[in-house]
Amino acid sequence: MTHLIMLPLVFLWFYPYAWSVVSSIRPQSETILGGANLIPQEFTTENFERAWNQAQFDAYTLNTVIVTISVVFLTIAISSLAGYALARGRMPGKSIILIALVGSMFLPKGFTIIPVYLLIDAMGLNNSLMAIILAEAGSAHVMPILLYMGFFATIPAEMEEAAKVDGAGYFRTFWSVMFPMAMPVTATVAIFSFIGAWNGFLTPLVFTLNAPELRTLGVGIYAFFGENTIDWGGLAAAAVIAVLPVIVVFLWLQKYFVDGIAGSIKG
Amino acid sequence: MTAIEKIDLAEADNALSEGHEPPGPPERKKNDDLWSRMKAHRWHYLFVAPMVITLLLFTLWPIVASWGYGFFDWNGFGPLEDWVGLDNFIEAATDPAYWNSFGNTFWFAFASVFIQAPLALLFALVLNNPKLFGRNVYRVLIFIPVVSTTAVVGLVFAVLLDTNRGPINVALEAIGLDPVNFLGSSSTALATVIAVETWRGLGITMIYWLAALQTIPVELYDAAKIDGAGRFASFRSITIPLLMPFAIIILLLTFITSFNAFDIVQTMTAGGPNGATDIVATYIYRYAFSPEQFIPRFGYASAAALLFGVVIMALSLVQLIIVRRVRRRAAGLEGSK
């Protein structure tokens, strides 16, 4: 009974994906004349070739991979160190840092983009992948830091003391004892920042306005569609190139993703 | 959110009690004390340093700088010297197009709270049933748009909704209906973009609700059943009250996220036709970055952003206060049991 309602609804969720996949592997004319039809008559790799070679989606993919990996590493480094210090240390000024951090969560991203753009421009980094990486990795650490804080706060102090007795310094204690224990948190943070960075749009759009060769996939598809409004086959192929990797990563690390979301609600 | 709340509260309390440390040692000694405590924690400071630096550069500085830029007529190049006082703010406040984008932004917020969140709850209630065959497949399918690049979702829907050959209009014609110019007509464009954004974001809200639903012990429902309560009765007297504290947080989250609709609007309509789908984010983007505008107006765009930012901060604060109050009441109820 429930399925009778769920199936048509889920079809609504499934259709755009099915359309993209099918349209990417059938000739352009079939897509444009075929209407809502999802059954390909002929198979072709033309759309992918056009997108990959002519429309430079090879470069866009590489840019996206570089940006995403860098953002993931930076986010993990910055937030695990901060989360550890904020959970274990009782240093003066800690509460001020925390209040500023949590307060920043209420700031919608589109409204800081101008000063961030001008700042990075002033650093002389505009029109470089570094600009996108810095702007993406520089903000939005609230959730990862809170996740790391929550985790490190539960580790008994004896662990640290034992490491210290063994002669490990602060950094060694962190790197070889604490950080490896936080692996589940690191996985959660990694998948969130991976998806966030891969799907980023406004930041890479703004920093590549004068440097088309640095576009990431989202921006590349936007520009491609702006220039080739009728190339639906090329668009579908580009969409598959852009979305497939992130869906694969999501399906693979689903558990951590859903746990992370659930954790942010339950606390 | 809860974690954030807790830490936030605990720290605020700490800050207060630290400030009023009752056994007051002489001023001099206190300073030495602070210094030695800071020295003892030098490693901790080093560990938080990267975070503090990025927070200063990419969050706090932008807030300060926006206030500064807002008072200048500035294209982003050369020194800031053309002071125009409140002109930018006045211009934004008297521009009907600005208020139009402001209003549209709130339509997105309204839809997220009153359409997306209840719809997601409905889905969550259905998919929370452990006996439902294939519920994980349903969940994953509904969730996938959340992890898909929003810009791509927007462009694919722009094609699907195309007036001439778009699959949706072809299907409408096939069943004898007139084609609809979904994105090209001012009367349907906003509703269409909001519908797509609802479609896209529903999955994450559904996961929030599912997480909340799973905190309700199954035994409660069993007990209600023994007492002869029907499905609706147990929904009303078990599910709703127990979901309440979560509901406030979930609504707050969807509300805040609704202001990030830039990607979907920019890719589907870029604010058109005739501003019908323009939101504050696309409005600001146009003035600061759009290549069609030959001279960027960073000063004006900053003022427009600020005006909006202040409203959002105020609204978020009000909501935060409500959340805390509800939390406290919920805690009080638990304590009295």
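Everything quoted here is computed from the prediction, not taken from an experiment.

1. Remarks on the overall build of chain B
If you tally the helices and strands in chain B, you get 14 helices and zero strands. Counting from the amino terminus, helix and strand elements in chain B follow one another as α-α-α-α-α-α-α-α-α-α-α-α-α-α. Each of the 337 residues in chain B was classed as buried or not, and the buried ones make up 47%. Of the contacts made within chain B by residues no fewer than 6 positions apart, 66% connect residues no fewer than 24 positions apart. Summing over all exposed atoms, chain B offers an accessible surface of approximately 16,800 Å²; the carbon and sulfur share of this is 66%.

2. Quick notes on the overall build of chain A
Each helix and strand counted, chain A has 14 helices and zero strands in total. Mapped in sequence order, the helices and strands of chain A form the string α-α-α-α-α-α-α-α-α-α-α-α-α-α. Buried residues in chain A amount to 56% of all 267 residues. Long-range pairs, those at least 24 residues apart, make up 71% of the contacts in chain A between residues at least 6 apart in sequence. When the accessible area of chain A is evaluated, it comes to approximately 11,100 Å², of which 69% is carbon and sulfur surface. Of the side chains in chain A, 11 bear a positive and 15 a negative charge, and the two mean positions are spaced by 14 Å.

3. Some thoughts on the UniProt feature "transmembrane region" (unreviewed entry) in chain B
All names here are of chain B. Here the UniProt-annotated "transmembrane region" (unreviewed entry) positions come out as residues 45-69, 106-128, 140-161, 202-221, 242-262 and 298-323. Secondary structure across residues 106-128 comprises 96% helix and 0% strand; the distance between its end C-alpha atoms is 31 Å. Span residues 298-323 is 100% helix and 0% strand, its end C-alpha atoms 36 Å apart.

4. Details of the confidence of the model for chain A
Across chain A, pLDDT averages 85, with 96% of residues at or above 70. Looking at the elements of chain A, mean pLDDT is at its lowest for helix H2 (residues 28-33) of chain A, recorded as 78, and at its highest for helix H4 (residues 57-88) of chain A, recorded as 92.

5. Here we look at the nonpolar core
For soluble globular proteins, the rule of thumb is that nonpolar side chains tend to be buried together. Core analysis: the biggest nonpolar cluster contains 175 residues, and A:Phe57, A:Leu86, A:Ile114, B:Ile142, B:Trp209 and B:Phe289 have the highest contact counts within it. Top contributing element to this core by residue count: helix H14 (residues 232-266) of chain A, with 16 residues.

6. Some remarks on the packing of H4(A) against helix H3 (residues 42-69) of chain B
Put simply, H4(A) and H3(B) touch, their axes get as near as 8 Å, and they point 130° apart. Classified by the angle their axes make, H4(A) and H3(B) are oblique. The two elements H4(A) and H3(B) meet at a crossing, and its hand is left-handed. Residues A:Ile78, A:Leu81, A:Ala82, A:Tyr84, A:Ala85, A:Leu86 and A:Arg88 of H4(A) lie in contact with H3(B), whose contacting residues are B:His44, B:Phe47, B:Val48, B:Pro50, B:Met51 and B:Thr54. Residue composition of the contact of H4(A) with H3(B), grouped by class: 10 nonpolar, two polar and one charged.

7. Re the packing of aromatic side chains
Evaluated as defined, the whole model comprises 48 aromatic pairs over all chains. Relative to B:Phe308, the ring of B:Phe106 lies with its centre 6.2 Å away and its plane at 65°, an arrangement referred to as edge-to-face. Of the two residues, B:Phe106 sits in helix H5 (residues 96-127) while B:Phe308 sits in helix H14 (residues 298-336), which places them 202 residues apart along the sequence. On the accessibility criterion, B:Phe106 (25% relative accessible area) is partly exposed. Looking at B:Phe308, the relative accessible area reads 0%, which means it is buried. Judged by centre distance (5.1 Å) and plane angle (90°), the rings of B:Phe255 and B:Phe259 are edge-to-face. Of the two residues, B:Phe255 and B:Phe259, both sit in the buried class. Taken together, the aromatic side chains of A:Tyr84, A:Tyr148, A:Phe151, A:Phe152, A:Tyr170, A:Phe171, A:Phe174, A:Trp175, A:Phe179, B:Trp43 and B:Phe47 make up a single cluster linked through ring pairs.

8. Concerning the environment of A:Trp232
Looking at the element boundaries, A:Trp232 is found in helix H14. Using a relative accessible area of 6% as the deciding quantity, one classes A:Trp232 as buried. On a C-alpha basis, the gap between A:Trp232 and A:Met130 in space is 32 Å, while along the polypeptide they are 102 residues apart. Not counting residues within four places of it along the chain, the set of residues in contact with A:Trp232 comprises A:Trp19, A:Gln28, A:Thr31, A:Ile32, A:Phe225, B:Val159, B:Asp162, B:Arg165 and B:Gly166.

9. Quick notes on the packing of H4(A) against helix H10 (residues 170-181) of chain A
Residue and element names in this part refer to chain A. Relative to each other, H4 and H10 sit at 100°, their axes nearing to 12 Å. Looking at the two axes, H4 sits roughly perpendicular to H10. Side by side, H4 and H10 meet where Ile76, Ser80, Leu81, Tyr84 and Arg88 of the first sit next to Phe171, Thr173, Phe174, Met178 and Phe179 of the second. Here the residues of the contact of H4 with H10 sort into seven nonpolar, two polar and one charged.

10. Concerning the side chain of B:Ser101
If you trace the backbone, B:Ser101 turns up in helix H5. Aside from chain neighbours lying at most four places away, what touches B:Ser101 is B:Asp278, B:Ile279, B:Val280 and B:Tyr283.

11. Considerations on a nonpolar patch on the surface
A cluster of nonpolar side chains, B:Leu56, B:Leu60, B:Trp61, B:Ile63, B:Val64, B:Trp67 and B:Val310, forms an exposed patch at the surface whose accessible area comes to about 610 Å². Relative accessible area serves as the criterion here: at 45%, B:Leu56 is assigned to the partly exposed category.

12. Some details on the interface of chain A and chain B
Facing 95 residues of chain A, the contacting portion of chain B comprises 97 residues. Both sides together, the interface formed by chain A and chain B hides about 8,800 Å², and carbon and sulfur atoms give 80% of it. The interface formed by chain A and chain B holds zero salt bridges in total. When residues in the side of chain A that touches chain B are grouped by element, the largest group, 17 residues, is from H14(A). When grouped by side-chain class, the residues that make up the side of chain A that touches chain B number 74 nonpolar, 16 polar and five charged.

13. What to know about the pattern of salt bridges
Residues and elements named next belong to chain B. For the coordinates displayed, the defined rule picks out four salt bridges over all chains. With a closest N to O distance of 3.0 Å, Arg297 and Glu91 form a salt bridge. In this pair, Arg297 sits in the loop between helix H13 (280-288) and H14 while Glu91 sits in helix H4 (residues 87-93), placing the two residues 206 residues apart along the sequence. By relative accessible area, which is 23% here, Arg297 ends up partly exposed. Between Arg286 and Asp278 there is a salt bridge, and its shortest N-O distance comes to 2.7 Å. Looking at Arg286, the relative accessible area reads 25%, which means it is partly exposed. The class for Asp278 is buried, based on a relative accessible area of 3%.

Criteria and thresholds
- Along each chain, numbering runs from 1 in the same order as the chain's sequence is written.
- Chains carry letters from A onward and ligands carry numbers from 1 onward, assigned in written order.
- Note on the predicted model: pLDDT of at least 70 is required for a residue's local features to be given, and 80 or more for side-chain atom pairs to be given and counted; whole-chain, interface and lining totals, by contrast, use all residues.
- Computation of side-chain values: all heavy atoms of the structure, hydrogens and water removed.
- Secondary structure follows DSSP: runs of H or I at least 4 residues long count as helices, runs of E at least 2 residues long count as strands, and numbering of each begins at the N terminus.
- Working definition: with a 1.4 Å probe on protein chains only, accessible area under 20% of the residue-type maximum means buried, over 50% means exposed, and in between means partly exposed.
- Any two residues whose heavy atoms approach within 4.5 Å are treated as being in contact.
- Areas reported here follow the Shrake-Rupley algorithm with a probe of radius 1.4 Å; residue values treat only the protein chains shown as occluding.
- The sign given to each residue is positive for Lys and Arg and negative for Asp and Glu; His and the chain ends receive no count.
- Where a charge sits is defined by one atom per residue type, namely NZ (Lys), CZ (Arg), CG (Asp) or CD (Glu).
- UniProt positions are given in the numbering used here, feature names are shortened, and annotations may be inferred rather than shown by experiment.
- On a scale of 0 to 100, pLDDT captures the predictor's confidence in every residue.
- By nonpolar core is meant a set of buried Ala, Val, Leu, Ile, Met, Phe, Trp, Tyr and Cys residues that side-chain atoms within 4.5 Å join together.
- In this description, a line fitted to the C-alpha atoms serves as the axis of each element, helices being fitted only across the stretch in contact, and the angle between N-to-C directions of two axes falls anywhere from 0 to 180 degrees.
- Roughly parallel means an angle under 35 degrees; roughly antiparallel means over 145; roughly perpendicular covers 65 to 115; every other angle is labelled oblique.
- Handedness of a crossing follows from how the near helix is turned relative to the far one, being left-handed for an anticlockwise turn of less than a right angle and right-handed for a clockwise one.
- Side-chain classes are defined by residue name, with Ala, Val, Leu, Ile, Met, Phe, Trp, Tyr, Cys and Pro counting as nonpolar, Asp, Glu, Lys and Arg as charged, and the others, Gly among them, as polar.
- Only Phe, Tyr and Trp rings take part, Trp by its six-membered ring, and two of them pair if their centres are within 6.5 Å. Stacked means planes under 30 degrees apart, edge-to-face means over 60, and tilted covers everything else.
- Distance thresholds for patches are 9 Å for like charges and 5 Å for nonpolar side chains (Val, Leu, Ile, Met, Phe, Trp, Tyr), applied to residues having over 30% relative accessible area and no salt bridge.
- Between Lys or Arg on one side and Asp or Glu on the other, a salt bridge is scored when a side-chain nitrogen of the former is within 4 Å of a carboxyl oxygen of the latter.
- Take the accessible area each of two parts loses on contact, using a 1.4 Å probe, and add the two losses: that sum is the buried area.

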